[in-house]
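Residues per chain are reported as follows:
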Amino acid sequence: MISIMNRVQLKRSNILRMALAGSDSMEEGKGETFLLKAIKIGGVVVLYWFISITMVFLNNYLLDSKDLDAPLFVTFYQCLVTVGLCYGMHLLSHLCPGVIDFPSVKFDLKVCREVLPLSIVFIGMITFNNLCLKHVGVAFYTVGRSLSTVFNVLLSYVILKQTTSFYAILCCGIILGGFWLGVDQEGVAGSLSWMGVFFGVLASACVSLNAIFTKRVMPAVDGNIWKLSFYNNINACILFLPLILVFGEVGHLVHFSRLGDPTFWGMMTLGGVFGFAIGYVTGLQIKFTSPLTHNVSGTAKACAQTVIAVVYNQSSKSFLWWTSNLMVLGGSSAYTWVKGMEMKKVHIPQEESKEKLLGEKSDAGV
């Protein structure tokens, strides 16, 4: 009986370590000191923050240009850069197989067609995201794009027929309250852009739809996120071309004075590189920590991003404006925590039943 209890206790401690560090990192981390692990995790989190915040400010710089009003072209070019980087990484992985690990990304028309529904949602997500950033700026961007969690709950019920707990809905209510308070305070300050708010709501809906469609098309790319990124961005580049023509952005490009300026193209390319890099560092942060920690880190990053934007622009914000941001960030963090606890309640009984079964088999001499 004592040996069974020890075995169960050992298994529970293993489950806890796997939940905190991930099974892969456990194997890789054997022999590493706590300090070395902490330095690695801290380095990955800092890298994620740096790339994510820099990308937002860089996109804001490109989209806020008074000379060039062509947000669709800016987004198209960033997708083009991502396709080029994916193919470049594919070639380098063949030249340096021991150094660079990247999947084969050969063009396949059949896969492109299968990924197309997701690509349409993806175009909406990145376009509305950039248009929201263009109209509201970095400081209000977190609040303007805060309804993704609410749409996750709503669309999961409508499309997937998944119900949500009372506490999760309560967290969504806090987020909604923060959103409306933020909109109200922007209006009081005289800096409200209803167009930016509208694009923010659409971007939030597309983010939620993107997550749902991603799960559906992953089998078409063998479950590989880089292959999905490659085909998604190829489709986006093709679909953006008629949109650029329809919305008259070609005329803006023809009359753009800096079209031959290497600095402009350097900044545009850098934006695409950061867009590609954010996918890598997001996966890296999840690998070294956990999905829950990644969400908490993303929330904290959004808070820091807002503070940096306010300080950089030398803006003066009211107490209620800051309260709206705290409500949005607090509600998002609480939702993440609630969903994490709900997942644990589902998995722990399953593990306990498995342990009980193993114990019974051991007692029976199996």
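Remember, predicted model here, so these are calculated numbers, not experimental data. (Residues numbered from 1 in each chain as written. Predicted model: local features only at pLDDT ≥ 70, side-chain atom pairs only at ≥ 80, totals over all residues. Heavy atoms only, no water.)

Visitor: Honestly, the environment of Leu-147 in this entry has me stumped. Any pointers?
Guide: Mapping Leu-147 onto the fold places it in the loop between helix H6 (141–144) and helix H7 (148–160). Classification of Leu-147 as buried rests on a relative accessible area of 7%. Sequence separation between Leu-147 and Leu-176 is 29 residues, and the spatial gap between their C-alpha atoms is 7.2 Å. Residue contacts for Leu-147: discarding those within four places in its chain leaves Ile-175, Leu-176, Phe-179, Val-201 and Ser-204. (Helix = DSSP H or I, 4+ residues; strand = E, 2+ residues; numbered from the N terminus. Buried < 20%, exposed > 50% of the residue type's maximum accessible area, 1.4 Å probe, protein only. Contact = heavy atoms within 4.5 Å.)

Visitor: How should I be thinking about the side chain of Thr-75 in this particular structure?
Guide: Inspection of the secondary structure puts Thr-75 in helix H4 (residues 71–95). Assessed through its relative accessible area of 2%, Thr-75 is described here as buried. Polar contacts involving the side chain of Thr-75 include one to the side chain of Asn-130, which spans 3.0 Å. Setting aside its immediate chain neighbours within four residues, Thr-75 contacts Ile-126, Asn-130 and Phe-240. (Polar contact = N/O pair within 3.5 Å; in protein donor to acceptor, adjacent residues only side chain to side chain.)

Visitor: I tried to follow unusual backbone geometry on my own but got confused; where do I start?
Guide: Leaving glycine out, the prevailing phi sign among residues is negative, and the prevailing peptide bond configuration is trans. Look at Asp-222: it is not a glycine, yet its phi comes out positive at around 60°. Looking at the element boundaries, Asp-222 is found in the loop between helix H9 (194–217) and helix H10 (225–246). Taking relative accessible area as the criterion, Asp-222 reaches 62% and is therefore assigned exposed. Even without glycine at this site, Gln-314 takes up a positive phi of about 55°. Mapped onto the elements, Gln-314 comes out in the loop between helix H13 (291–312) and helix H14 (319–363).

Visitor: Even after reading the chapter, I still don't get the environment of Ala-309, so can you show me in this structure?
Guide: Note that Ala-309 resides in helix H13. The class of Ala-309 is buried, set by a relative accessible area of 0%. Each C-alpha atom of the pair Ala-309 and Phe-57 lies 8.5 Å from the other, and the pair is 252 residues apart in sequence. With residues up to four places along the chain from it excluded, the contact list for Ala-309 reads Phe-57, Val-138 and Ala-139.

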